[in-house]
Amino acid sequence: MSEERKSKTRQPGFLPIETNWFDRLFIAAVIWVALSLFWMRFLEPLGLSVWISTVISVVLAVIIVKKG
Amino acid sequence: MHSKKLGWLLLAPTLLILGLFGIFPFLYVVWVSFHEWNPFAANPAKIFNWAANYRKLVFDAQFLASLGVTMAFVFFAVVSEVIIGYLLAQAFMKDFPGRAFFRTIHTLPLIMAPIIVGSIWKLMTTPSIGIIPYMLKHTVGFDLNIGTSAVAAFAITVIMDIWHWTPLVTLTLIAALVSLPSEPFEQAQIDGANKRQIFWHLTLPMIRPALIATVFIRLMDAMRTVDEVLMLTGGGPGSATRYVGVHIFREVFPRTNYGYGSAVSVIVLYLTIVICWLLYVSLIAPRTRKGSS
C-alpha cells in the first residue's frame, strides 16, 4: 500500500494539518533542534544536562510520528 | 517494473548532481559544525567538540543581534517587494506608450551581480560624491551619511534590496496575472463587484500560489544576503547592518573560525526552513478534517 493511500485511510491525529510520516518526522526534528537550543541557553546553566532535552525530544518524536 | 527502473534511470543525473552539490556539502557543514576547526592555526586539525559551537552560539550577543536585524531586514524588504512588485505588475498589464521599454528598464537590476549592485549604491550614497546625499541635502535639507547613521544604513540596505529584487516579483506576478482566465472577472463586473472586491475575492486567491512561491524565494534569498551589504556598509556602522550572512562571512573568512561559522550557517538554514514551513502551514497546507477516516 503506498504512503499516499496509507495517509488517506489513517485516522486524523492531533496535529491540525494533514501529514504523512515524513512530515511528522520533520516536525519532530524541528522541535528537537528548538528545544535543544532553548535548553542550552536557559536550563543548562542551571545544571540540567542537555541530554534531558534529547530524551524529551525523542519521546515527543515518537508521540508525534505515531499519533500526530 | 520496467517503467520504475526507467524512472530511476532518468532521475539519476538530477539525483547525482543534487547529492554532489546539495546534500554532501550540507552534511559536511553539519559535520564541521560539531568541530573546532581553524585550518590556519598552529593545530589545523579538526577537534570534535560535541555541541560546543551551538552552546557558544546561543550566548553570542553579536549573532543574536545580527539575527534580529536580519529579521527586520527580511520583513521590510520582502513585504515592500511584494507590494511594489504587484503594483508594477498591474501597471505593466495595462497598455501605455513605451510599456516594453519601461518593462526592460525595470528588469535591468535583476541581471546585475549583487557585488556590482553594492558598488553602485556605495557610489550613490557616499556623502561627498553620491547623488542621493546631494539630492536629499538640496531638496529637503537632510544629511544622509550611512557611515554614521545606523537607521540610514539599515534603510538604504533595505531600499537597495527592493531596487534589486522587485523586478523578480514583478515578472513572476505578470506571468501569474497573464495566465488568469478572463471569465470570472467579467462575471464579477457584471455582478457589480468593485475593484477592491475583485482584488480580494478573485485576483489574490487566484495568484496565491505564484505569490507564495515568490515570497518563499525572496525570503530565502533575503535571509542569506551578504555581498551587497558587505560592499555597501561592511556590516556597519557598528553592527547596524551586520546581517547573519555578514556575521558568518566574518567568522569564517577573516577569523577562519570554520567550526563556529558552520554552526551559525546550520542554524540560519534551520530558521529559514522553519519560517518557510510555518508560512506554508498557515497559508496552504491542507487542514485535518476531524472525525473523517
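Our structure is the block above this text.
What counts and how
Numbers given for residues are sequential positions, taken from 1 along each chain in its written order. The naming scheme follows written order: chains are lettered A onward, ligands numbered 1 onward. Thresholds applied to this predicted model are a pLDDT of at least 70 for local features of residues and 80 or more for the giving and counting of side-chain atom pairs; totals over whole chains, interfaces and linings are not thresholded and use all residues. Secondary structure elements follow DSSP: runs of H or I no shorter than four residues count as helices, runs of E no shorter than two count as strands, and numbering proceeds from the N terminus. Exposed residues have 12 or fewer other C-beta atoms within 10 Å of their own C-beta, buried residues have 20 or more, and residues in between are partly exposed; the C-beta atoms are placed from the backbone. Residue pairs qualify as contacts under a 7 Å threshold applied to their C-beta atoms, which are placed from the backbone. Among buried residues, those of type Ala, Val, Leu, Ile, Met, Phe, Trp, Tyr and Cys that are joined through C-beta atoms within 7 Å form a set called a nonpolar core. One less than the number of residues in a helix, times 1.5 Å, gives the span that helix is expected to have. Here the axes come from fitting lines to C-alpha atoms, over the contacting stretch only for helices, and the angles between their N-to-C directions go from 0 to 180 degrees. Note that the term roughly parallel is reserved for angles under 35 degrees, roughly antiparallel for angles over 145, roughly perpendicular for angles of 65 to 115, and oblique for everything else. Should the near helix be turned counterclockwise from the far one by less than a right angle, the crossing is left-handed, whereas a clockwise turn marks it as right-handed. Amino acids outside the nonpolar list (Ala, Val, Leu, Ile, Met, Phe, Trp, Tyr, Cys, Pro) and the charged list (Asp, Glu, Lys, Arg) are all regarded as polar, and Gly is one of them.

*Asks:* Is there a simple way to explain the overall build of chain A in this structure?
*Replies:* In terms of helices and strands, chain A carries 3 helices and 0 strands. Tracing chain A from N to C terminus, the helices and strands come up as α-α-α. Buried residues in chain A amount to 10% of all 68 residues. Excluding contacts between residues fewer than 6 apart, the proportion of contacts in chain A whose partners are at least 24 apart in sequence is 64%.

*Asks:* Could you clarify how one ought to interpret the environment of Glu18(A) in this entry?
*Replies:* Residues and elements named next belong to chain A. On the secondary structure map, glutamate 18 appears in the loop between helix 1 (3-9) and helix 2 (21-43). According to the C-beta neighbour criterion, glutamate 18 is partly exposed, with 16 such atoms within 10 Å. When the C-alpha atoms of glutamate 18 and valine 55 are compared, they prove to be 26 Å apart, with 37 residues separating the residues in sequence.

*Asks:* Please clarify how the environment of Leu46(A) should be interpreted in this entry.
*Replies:* Residues and elements named next belong to chain A. The residue leucine 46 is located in the loop between helix 2 and helix 3 (50-67) in this model. Judged by local crowding, leucine 46 falls into the exposed class, with 6 C-beta atoms found within 10 Å. In this structure the C-alpha to C-alpha distance between leucine 46 and proline 16, which are 30 residues apart in sequence, comes to 35 Å.

*Asks:* Before we go on, may I ask you to explain unusual backbone geometry in this structure?
*Replies:* Where the residue is not glycine, phi is negative for most of them; where a peptide bond is considered, it is trans in most cases. Residues and elements named next belong to chain B. Cis geometry is adopted by the peptide bond preceding proline 237, which originates at glycine 236 and carries an omega value of 0°. With respect to the secondary-structure elements, proline 237 resides in the loop between helix 10 (227-232) and helix 11 (244-252). Positive phi outside glycine occurs at tryptophan 50, with the angle close to 50°. The topology assignment puts tryptophan 50 in the loop between strand 2 (47-48) and helix 2 (52-59). Since 10 C-beta atoms lie within 10 Å of it, tryptophan 50 is described here as exposed.

*Asks:* What am I meant to see in the nonpolar core here?
*Replies:* Residue and element names in this part refer to chain B. Of all hydrophobic cores here, the largest spans 45 residues; its most connected members are Phe73, Ala77, Leu173, Ala263 and Val264. When residues of this core are traced back to their parent elements, those giving at least two are helix 2, helix 3 (61-93), helix 5 (114-125), helix 7 (150-178), helix 9 (195-223), helix 10, helix 11 and helix 12 (258-283). When residues in this core are grouped by element, the largest group, 12 residues, is from helix 7. Discounting chain neighbours no more than four positions away, the residues touching alanine 77 are Val158, Asp161, Ile162 and Ala222.

*Asks:* Quick question: what am I supposed to make of helix 2 of chain A here?
*Replies:* In an α-helix, one turn spans 3.6 residues, which is why side chains three or four residues apart end up on the same side. Taking 1.5 Å of rise per residue, the 23 residues of helix 2 of chain A would be expected to cover 33 Å, and the 31 Å separating its terminal C-alpha atoms lies within 8% of that figure. Among the residues of helix 2 of chain A, those classed as buried are Ile27(A), Ser36(A) and Trp39(A).

*Asks:* Is there a simple way to explain the packing of helix 2 of chain A against helix 2 of chain B in this structure?
*Replies:* For any two helices packed against each other, one specifies the crossing angle of their axes together with the interaxial distance. For the pair helix 2 of chain A and helix 2 of chain B, the least separation of the axes is 9 Å and the interaxial angle reads 65°. If you check the angle between helix 2 of chain A and helix 2 of chain B, you find them roughly perpendicular. Considering only the axes of helix 2 of chain A and helix 2 of chain B, their crossing is right-handed. Residues Leu37(A), Met40(A) and Arg41(A) of helix 2 of chain A form the contact with helix 2 of chain B, whose own contacting residues are Tyr54(B), Arg55(B), Val58(B) and Phe59(B). In terms of residue class, the contact of helix 2 of chain A with helix 2 of chain B is made up of 5 nonpolar, no polar and 2 charged.

*Asks:* Is there a simple way to think about the packing of helix 7 of chain B against helix 9 of chain B in this case?
*Replies:* All names here are of chain B. At a closest axis distance of 9 Å, the pairing of helix 7 and helix 9 adopts a crossing angle of 160°. One way to sum up the angle between helix 7 and helix 9 is to call them roughly antiparallel. Considering only the axes of helix 7 and helix 9, their crossing is right-handed. Side by side, helix 7 and helix 9 meet where Asp161, Trp165, Val169, Thr172, Leu173, Ala176 and Leu177 of the first sit next to Ile207, Ala210, Thr214, Arg218 and Ala222 of the second. Looking at the contact of helix 7 with helix 9 residue by residue, the classes come out as 8 nonpolar, 2 polar and 2 charged.

On their own, these measurements won't tell you what the molecule is for.
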